[in-house]
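# Structural features, examined
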Amino acid sequence: MKALWPFAYRFWRYRTRLLAGLLCIPLGQAADVAMTVTIGNAIKRAAESDNADWIGRVIWLLTGYAVAQAVFRYFQRWWIVVVSREVEVDLKQDTFEKLTGLSFEFHNRSRSGDVVSRLTSDVENVRMFLGPGLMYTVGAMVVVPISLGVLFSLNVWVTLAMIVPMTAMGWIMKALTPRIHRYSMEVQESLADISHRAQENFGGIRVVQAAGIEDAQAARFARSSERNRDNQIAMGEARGLTHASVNGAFDLTFVVILVVGGLAAIDRTLPIGDLFKFIDLTIKVFWPLIALGWIAGMYARALASAERITELMAEVPSIVDAPDAVQPRTMRGEIDFRDVSFRYHPDSPDVLQHVSVHVPAGTTLGVVGPTGSGKTTLLSLVGRLFDCEGSLSVDGVPIRDWSLASLRGHLGYVPQDSFLFSAPYEDNIRFGADEELSDEAIHEYVRRAAMEGEVRSFPHQYKQRVGERGVTLSGGQRQRTCIARALAKKPQVLILDDCLSAVDTETEKHLLESLREAGKSCTVLVAAHRLSSVAMADQILVLTADGHMEALGTHEELLAQPGWYHDTWERQQRRAQLLGEGV
């Protein structure tokens, strides 16, 4: 239960409505019990009375109780359930913000399906238990004592006999609750695995179909589904025993009432009106108890979900602002790497080793090297997506002294993975811009990214909806759209991580001219495999396969000396000539 207390506090934020709803519960239950007592008394009086003058008053009284019960039950559900929905929204928002604020380190080791499961089904389980579950629990705590008090006043022995199966039911529920909790945790984990496999395969459906491994992936999904089925069956068995004990106790109670109470009614020691009260109040007692059986199963799921959410919320980002972080309103774009090294894990080899390069503001740095040489990692360090060893400063300020919001707010980043949102094309350009963009501004950024002609050919042009992850666009179109999106942010530092690899050389030339024009007011960092993408850079940094610096210079200087750059340029030139492209 301890794991649920922080979530219960969230409900307390809405205590005015919550307390109003809780107050309605005893009032509604009291009206319900009063109706039973009134009807029972009316039956007793009917058996003894020789006139019907009093029936009208009873009808009006029952009508008043019925209206009061309906009103109070309506408002108890309205206030308590609505509060639970408010808490659900708050919790999902906090969880989402937590996830977006966690460092890459967390997301690299987490499965998207598991994360989505915590954000959706786990939050819903907690809401159901602390919202509707609280309402039914309080209702049971009110109606059971009231009803039992009335029953004891009618006949002590019949009431005691009725309590025996109820007590047995309580012991069975207590014994089964830990088992339900264990299976609930396993069910949530297996559901997360199913969600992960589905999202992974749907997101990579083209890879799956191109490789012809649909059957193999379907078999893996089937195994995950079978595990979930087994867990669901095990939990269903435990919950079934709980429901069986509740319903069995319910039926046995009526046997007691019919045997003991019926015999008492026959020998006139229990009036028929009181027998009615026993039957009706027993139903009123057991329906909340049946609800408690449902809540017991819900409690196990809610506890498992609360633990999973708490585990997520307890994650501490590895990249955080320093206590005295600075927040400059402007950035010149001067970047200085001094003896920078980096490794992703303490026990893994360095990806970058002792890299030093000074990038004056407003200049362009090209970063090249073999696959796996650390080009992407080096550019990621500028946005402080990871922390490195050595010294990395921007505008003379150590990067750890910048606030993350201020630092990243001045950067425009185009990653290798050209991610687009399932939204109209123009909305993808607006994403991340610091100010509202006019249609003319969007058109200008699209023109700079060499996409204007292709966008105009779309059926709905700038209103064209882009499929999930940009699936309706080609690789080159996605890359250029991401460049336009980065330019729309008006960054002081523009980072291009091998984002020209999917465009042809002619488009590349046009795009590089536009970027040089745009780059006059900002610093540009370009990582590329195709050396023509960096040939016009002010400096070109060449990395070795193990992350060391091999050379630093201009295009002409690097061609004038033997090494990886010279050999790769010659090889790419020959290939371009063979393909008839020209570089």
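The structure presented is a predicted model; accordingly, all values stated were derived computationally and were not measured.

## Some words on the overall build of the chain
In terms of helices and strands, the chain carries 19 helices and 10 strands. Residues classed as buried in the chain amount to 47% of the 583 residues present. Across the chain, contacts joining residues at least 24 apart in sequence account for 78% of those joining residues at least 6 apart.

## Thoughts on the pairing of strand 8 (residues 523-527)
Most of strand 8 is tucked away: five of the five residues are buried. Sheet analysis places strand 3 (residues 364-368) next to strand 8, joined by four bridges and oriented parallel. Its bridge partner being in strand 8, Leu365 is matched across the sheet by Leu525. Pairing analysis gives five bridges linking strand 7 (residues 493-497) to strand 8, with the strands arranged parallel. In the strand pairing of strand 8, Asp497 is matched with Ala527.

## Concerning the side chain of Thr544
Tracing the sequence through the fold places Thr544 in the loop between strand 9 (539-543) and strand 10 (549-553). Residue class for Thr544 comes out buried when judged on its relative accessible area of 19%. Residues in contact with Thr544, not counting those within four places in the same chain, are Pro370, Ser373, Met549 and Glu550.

## Considerations on helix 16 (residues 475-487)
Given a rise of 1.5 Å per residue, 13 residues ought to cover 18 Å, and the 19 Å separating the end C-alpha atoms of helix 16 matches this to within 8%. In terms of residue burial, helix 16 counts as a mostly covered element, since 11 of its 13 residues are buried. Here helix 16 has its buried residues at Gly476, Gln477, Gln479, Arg480, Thr481, Cys482, Ile483, Ala484, Arg485, Ala486 and Leu487.

## Digging into the sheet that holds strand 7
Taken together, the six strands give an open sheet; going across it, the order is 6-7-8-3-9-10, and neighbouring strands pair in mixed fashion. Of all the strands in the sheet, just strand 6 (411-414) and strand 10 have a single pairing partner and so form its edges. When the angles between neighbouring strand axes are averaged without regard to direction, this sheet yields 10°. Inspection of the sheet shows strand 9 paired to strand 10 by four bridges, in the antiparallel sense. Bridged to Val542 within strand 10 is Ala551. Those strands touched by helix 16 are strand 6 and strand 7, and its axis lies near 175° from that of strand 6.

## Let's talk about the packing of aromatic side chains
Applying the stated criterion across every chain yields a total of six aromatic pairs. When the centroid spacing of 5.1 Å and the interplanar angle of 80° are considered together, the rings of Tyr74 and Phe75 count as edge-to-face. Take Tyr74: its relative accessible area is 49%, and that puts it in the partly exposed class. Measuring from ring centre to ring centre gives 5.3 Å for Tyr344 and Phe386, while their planes differ by 85°; the resulting arrangement is edge-to-face. Residue Tyr344 is found in the loop between strand 1 (335-342) and strand 2 (352-359), and its partner Phe386 is found in the loop between helix 11 (375-382) and strand 4 (389-394); the two are separated by 42 residues along the sequence. Members of the aromatic cluster, joined through ring pairs, are Tyr74, Phe75, Trp78 and Trp79.

## Comments concerning the environment of Tyr565
Summarising the element assignment, Tyr565 is placed in helix 19 (residues 564-579). Once the C-alpha coordinates of Tyr565 and Gly369 are considered, the two residues, 196 residues apart in sequence, prove to be 7.8 Å apart. Non-local contacts of Tyr565, meaning those with residues more than four positions away in its chain, are made with Val368, Leu531, Val534, Ala535, Ile540, Val542, Glu550, His555, Leu558 and Leu559.

## What to know about unusual backbone geometry
Positive phi values are uncommon outside glycine, yet His354 reaches one of about 55°. Inspection of the secondary structure puts His354 in strand 2. Taking relative accessible area as the criterion, His354 reaches 47% and is therefore assigned partly exposed. Within the chain, Asp395 stands out as a residue other than glycine whose phi angle is a positive 55°. Here Asp395 lies in the loop between strand 4 and strand 5 (397-398).

## Regarding the pattern of salt bridges
Under the definition given, this model contains 21 salt bridges. For Glu88, the salt bridge identified is with Arg85, shortest N-O distance 2.8 Å. Here the residue Glu88 and the residue Arg85 both occupy positions in helix 3 (residues 55-101), the gap between them amounting to three residues, near one helical turn. With its nearest N and O atoms 3.9 Å apart, the salt bridge here joins Glu88 to Arg127. Of this pair, Glu88 sits in helix 3 while Arg127 sits in helix 5 (residues 112-130), and the two are 39 residues apart along the sequence. On the basis of relative accessibility, which here comes to 10%, the residue Glu88 falls in the buried class.

## Points about a nonpolar patch on the surface
Together, Val67, Val71, Tyr74, Phe75 and Trp78 line one region of the surface with nonpolar side chains, adding up to about 490 Å² of accessible area. Along the polypeptide, Tyr74 turns up in helix 3.

What counts, and where the lines are drawn
- Residues numbered from 1 in each chain as written.
- Predicted model: local features only at pLDDT ≥ 70, side-chain atom pairs only at ≥ 80, totals over all residues.
- Heavy atoms only, no water.
- Helix = DSSP H or I, 4+ residues; strand = E, 2+ residues; numbered from the N terminus.
- Buried < 20%, exposed > 50% of the residue type's maximum accessible area, 1.4 Å probe, protein only.
- Contact = heavy atoms within 4.5 Å.
- Pairing = 2+ DSSP bridges.
- Expected span 1.5 Å × (residues − 1).
- Axes fitted to C-alpha atoms, helices over the stretch in contact; angles between N-to-C directions.
- Phe/Tyr/Trp six-rings, centres within 6.5 Å; stacked < 30°, edge-to-face > 60°.
- Salt bridge = Lys/Arg side-chain N within 4 Å of Asp/Glu carboxyl O.
- Patch = residues over 30% accessible without salt bridge, like charges linked within 9 Å, V, L, I, M, F, W, Y side chains within 5 Å.
- Areas by Shrake-Rupley, 256 points an atom, 1.4 Å probe, with all protein chains shown as cover.

In short, the description is geometric, and any link to function would need to be established separately.
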